[in-house]
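# A closer look at the structure
For reference, the chains in residue letters:
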Amino acid sequence: MIQLELNRNRISIHNAALLKTPPQALSSGQIAEPGLISSLLGRQKKNSRWAGSKINLCLTPPAFYLRRIKMPPMKPAELRSAMDLAVEKYFPASGGNELVYDYCSAGNDQPGSIKENDYFLAAASLNCAGSYTAAAGRAGFRAAALEIAPFSLLRCLKINRPPDSNCPTEHEVELLADIGCSGTVFLIIENGCLQYYRHIKTGFIDFLSAATDKATSLRRRADMILFSSGSLSERGLLAPAEELANQIVQSLAYWNEQSNFLNSGARRLPPLWLCGGGTAIPGIPDYLGHITSLSTRILDPFAIINCRGADLSPAVKKRSFLFTAALGLAFRGWLR
């Protein structure tokens, strides 16, 4: 949870906090126990340092569907009707639940095009979306926006390149892997626009499970195995690490087949930005870089934005890589 403030045309962090989510509160991305989440948010709301009541919320996989589709140029009312039909066509396996959806331009339309335009179409079950807004509402907040994780991550990447990193030149590609709890969000960005999204079902929980199995045999604590300095093989983490790396390689190969981007000898391999809880596991960034042959970099959301360091807790400063989606979400409305 993070809040920004604008003062004299400068944006800085007003407050930030890490809240431990009870495992039983979530189920497949949906808030199963809104009361538990609203209690967490409610305690933060009572803190006078959190200003106002508007809040932006973010859905993470597998709580939403996302598809890139092409549509011919048409009037707004016609486009809305066409998207109604597209939802029925592309998201039929919604378990009979009513869906809420929205769409946006993919960002690469040609002015005056008479052919086809690219759009991103996102949808989620009404029950899932309602569980988020209900939990926030019970805590005294008013949901101003409900966004999906890929767009929040993309926005954070745009604003938080390190000072020694140049902005992407035309047609430059960047990769981002957010190694979250139940899976990894993998994005391919070209010229600042999202080109490819995939949810890889290997996340922090898989590494924790492997570490727990190893710890049981060694009669040690799982966290001591997970965060030790031994090799991934010695700690029993090689299998999930290999699966994650292979899925990233396969995703990149599939996208390259569609775009033919890397087949030119002049193209250089893009960097792989990493964020999320999985980046804290020793050896994971180096292993992913070795298997994928990509330069891996940790995306630090606090690298550029002004932080009032004395006001941020040690836990927040130490785990800044967990705030990537939250910071991108907080910038919604200030940066597209």
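Given the structure is predicted, the values throughout are model-derived calculations rather than measurements.

Reading the values: the criteria
Residues numbered from 1 in each chain as written. Predicted model: local features only at pLDDT ≥ 70, side-chain atom pairs only at ≥ 80, totals over all residues. Heavy atoms only, no water. Phe/Tyr/Trp six-rings, centres within 6.5 Å; stacked < 30°, edge-to-face > 60°. Helix = DSSP H or I, 4+ residues; strand = E, 2+ residues; numbered from the N terminus. Buried < 20%, exposed > 50% of the residue type's maximum accessible area, 1.4 Å probe, protein only. Lys NZ or Arg CZ within 6 Å of the ring centre and 35° of its normal. Core = buried A, V, L, I, M, F, W, Y, C linked by side-chain atoms within 4.5 Å. Contact = heavy atoms within 4.5 Å. Expected span 1.5 Å × (residues − 1). Pairing = 2+ DSSP bridges. Axes fitted to C-alpha atoms, helices over the stretch in contact; angles between N-to-C directions. pLDDT = per-residue confidence, 0-100.

The next thing to look at is the packing of aromatic side chains. Under the defined criterion, the tally for this structure stands at 7 aromatic pairs. Plain terms: the ring middles of Phe-64 and Tyr-197 are 5.9 Å apart, the flat faces sit at 35 degrees to each other, and that makes the pair tilted. With Phe-64 in the loop between strand E5 (54-59) and strand E6 (65-71) and Tyr-197 in strand E12 (residues 193-200), the pair connects residues that are 133 residues apart, well separated along the chain. Classification of Phe-64 as buried rests on a relative accessible area of 7%. Taking the centre distance of 6.2 Å and the plane angle of 50 degrees together, the rings of Tyr-196 and Tyr-254 count as tilted. Here Tyr-196, found in strand E12, pairs with Tyr-254, found in helix H7 (residues 238-259); they are 58 residues apart in sequence, far enough to count as distant. Taken together, the ring pairs connect Phe-186, Tyr-196 and Tyr-254 into an aromatic cluster. Above the plane of the ring of Trp-273 lies Arg-297, whose end atom (NZ or CZ) is 5.4 Å from the centre.

Here we take up the nonpolar core. One finds Ile-37, Leu-59, Leu-153, Leu-176 and Leu-187 to be the most contacted residues of the largest nonpolar core, which totals 35 residues. For this core, the elements supplying multiple residues, two or more each, are helix H1 (34-45), E5, strand E8 (117-125), helix H3 (126-138), helix H4 (149-159), strand E11 (184-190) and strand E13 (272-275). Sequence-distant contacts of Leu-59, that is, excluding residues within four places in its chain, are made with Phe-64, Ala-124, Cys-128, Tyr-132, Leu-146, Glu-147, Ile-148 and Ala-149. By size, the runner-up hydrophobic cluster in this structure holds 30 residues, among which are Leu-175, Ile-200, Leu-244 and Ile-248.

Spanning 22 residues, H7 covers 31 Å between terminal C-alpha atoms, matching the ideal 32 Å at 1.5 Å per step. Of the positions making up H7, those classed as buried are Pro-240, Ala-241, Leu-244, Ala-245, Gln-247, Ile-248, Ser-251, Leu-252, Trp-255 and Asn-256. Next to the buried residues of H7 lie strand E10 (173-179), E11, E12, helix H5 (204-218), E13 and helix H8 (284-292). Just beyond H7, the residue with positive phi is Asn-260, at close to 60 degrees.

Our focus in this paragraph is the sheet that holds strand E14 (residues 296-298). The strand order across the open sheet built from 5 strands is E12-E11-E10-E13-E14, with neighbouring strands paired in mixed fashion. The open sheet has two free edges, formed respectively by E12 and E14, since each of these has just one partner strand. Pairwise comparison of adjacent strand axes, ignoring direction, gives a mean angle of 20 degrees for this sheet. Two elements, E10 and E13, share 4 bridges in a ladder whose sense is parallel. Bridging across to E13, Ala-177 finds its partner in Leu-274.

Per-residue pLDDT for the chain averages 87, and the proportion of residues at 70 or more is 88%. Summarising per-element confidence for the chain, the mean pLDDT is lowest in helix H9 (residues 314-318) (84) and highest in H8 (96).

Turning our eyes to something else, we now look at the sheet that holds E8. On the basis of which strands lie adjacent, the open sheet formed by 3 strands has the order E6-E8-E7 and antiparallel pairing. Both edges of this open sheet fall to E6 and strand E7 (99-105), since each of them pairs with a single strand only. Strand-to-strand twist in this sheet, taken as the mean axis angle between neighbours without regard to direction, amounts to 25 degrees. Where E6 lies against E8, 7 bridges are found, and the strand directions are antiparallel.

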